[in-house]
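The primary structure of each chain is shown beneath.
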Amino acid sequence: MKKTVTVFAATGVAGSACVEELLRMQQFNVRVLLRKSVQQEKSSSGALRSGDDKQQQRNDWMARGVEVRSADVTDHAELIPALEGTDYLVSCVPLFATESQYPLIWAAKEAGVERFVPSEFGYIYEWEQFWPTDTVHKTMSRQKAFIRRMIEMAGMDFTIIPAGLWPEYYMLEPVGVMGDGVQKFSWSTGRDVGRIIPHVLAHPASRNAICPVAATAYCSWDELLDTRERLLGRAVARNHLSSAQWQAAYAAQPPGALKHLLAIGVAATECPEGMPLWANWNALHLPEFKGTPLDELFPGYIEPFVAAMQASLSN
Ligand SMILES: NC(=O)c1ccc[n+]([C@@H]2O[C@H](COP(=O)([O-])OP(=O)(O)OC[C@H]3O[C@@H](n4cnc5c(N)ncnc54)[C@H](OP(=O)(O)O)[C@@H]3O)[C@@H](O)[C@H]2O)c1
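### Quick word on the sheet that holds strand S1 (residues 3–8)
- Here seven strands make up an open sheet; going across it, the order is S3-S2-S1-S4-S5-S6-S9 and the pairing parallel. Here the strands that pair on one side only, and so sit at the sheet edges, are strand S3 (67–71) and strand S9 (209–210).
- Judged from the three bridges that link them, strand S4 (residues 88–91) and strand S5 (residues 115–117) form a sheet pairing that is parallel. By the bridge assignment, Tyr-88 is partnered in S5 with Arg-115.
- Contacts from helix H1 (residues 13–25) reach S1, strand S2 (28–35) and S4 within the one sheet, and its direction differs from that of S2 by about 155°.

### Observations concerning the packing of helix H6 (residues 136–153) against helix H10 (residues 257–269)
- Across the interface, H6 lies against H10 with an axial gap of 7 Å and an inter-helix angle of 75°. Here H6 is positioned roughly perpendicular relative to H10, judged by the angle of their axes. Every residue of H10 that contacts H6 at Val-136, His-137 and Lys-138 is listed here: Lys-259, His-260, Ala-263, Ile-264 and Ala-267.

### Points about the site of the ligand
- Contacts to the ligand come from 30 residues, most closely from Gly-12, Ser-43, Ser-44, Pro-94 and Gly-122.
- Here the shell around the ligand is composed, by residue class, of 14 nonpolar, 10 polar and six charged.

Reading the values: the criteria
Residues numbered from 1 in each chain as written. Predicted model: local features only at pLDDT ≥ 70, side-chain atom pairs only at ≥ 80, totals over all residues. Pairing = 2+ DSSP bridges. Helix = DSSP H or I, 4+ residues; strand = E, 2+ residues; numbered from the N terminus. Contact = placed C-beta atoms within 7 Å. Axes fitted to C-alpha atoms, helices over the stretch in contact; angles between N-to-C directions. Parallel < 35°, antiparallel > 145°, perpendicular 65-115°, else oblique. Near = placed C-beta within 6 Å. Nonpolar A, V, L, I, M, F, W, Y, C, P; charged D, E, K, R; others polar.

Structural data, given as C-alpha cells:
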C-alpha cells in the first residue's frame, strides 16, 4: 500500500520542489497542509510569495491529485485531524520559523504519524551545536537539534537531511570561500534539496538516520567557482578566508542577514579534523539521483538569485 506524505510549508522553495518530485515519482499519496492561522509570514531569503500565487500553486497540485488539508497550525485540536492518515510528515519551514514545528510534533504523535522529517537542509547540526564559537547560526543549530530530540521523545521515527550549502546564497562577489578552497563541500540548491527528500524517505537506510546529502554537487569551492568563471566568461572575485578571518568578520558585522551568512562561514571553517558538517550520503545510497547540472544551474537559477540578493542588499 502507498504511504501518505504530508508536506508542511509546501509552497516554499524546498517544499514545492518536494511536492513536485513526490508527484513525479507516483510512489506516495501526497498531501499538503494549508496554514489557516495568521502567523507572521516568513521566508529564508526574505522574498515572500503572495497568497494568490500560493493558492494558484495549490490549485494546480489539487488538479494533479494532491489533497489539501487546512488547519490552524498553532492549535493541536485542529492539527490532529488534519494529520490523521499521514505516514510521513515532511516539514520545510523557512530558516527563521523553526519554532513553528513544535505544535506539529505533538499533533503528529497524537495523529499516529510514523515519521517526522524536520526542516533541516543545512549543516549536520547535531555536530555544529557543539562547535566552539557561539554565533546566531549555532543557536539555530541547537534549536534544530532540540527539535530532533522532541521527535524521538514523542516516539516517532525521524529522518534528518543535512544538505550542505545552498550555492545560490554564497555567490555574491567577492565570494567568501570557506577554507582553503580545495576541500570538498556538499552543495544542494533549494530545489534539489526538495527533489531529493522523497528519494531519501523511500530508502530503507533513512529511518532514524542522519542522511547528509550533496543533492547538486560534491566538489570544492575552487571547482565550483572555476565552473562559474567558465560560464560567465570572466574572473569571479573571491577571498579565501581562514577560520580566524571569518570570526573577525562575524564579530564586526551588525545583526542582520549578512551576519547570519558570516556565521555559516565560521562554522564551516572550525570543523575538527574528520568531522565536516556535510557529506555525500546520496553517492552511496542514491547513485541514480542526479542534481541539476551546474551548466544549467548557474545561468538559469543562481545568477538571477544573486542579482536579486544584490538588489535587496543595496536597498
Ligand atoms: N544550507 C543552506 O544554505 C540553506 C539556505 C536556505 C534555507 N535553508 C534551510 O532550508 C529549509 C527550508 O527553507 P526554504 O528556503 O525552502 O523555505 P522558504 O522557501 O523560505 O519557505 C517559505 C514557505 O514557508 C511557509 N511559511 C511562511 N511563514 C511561515 C511561518 N511563520 N511558519 C511556518 N511556515 C511558514 C510558507 O508556505 P505555506 O504557506 O505553504 O505554509 C512559505 O511559502 C530551512 O530549514 C532553512 O533553514 C538552508
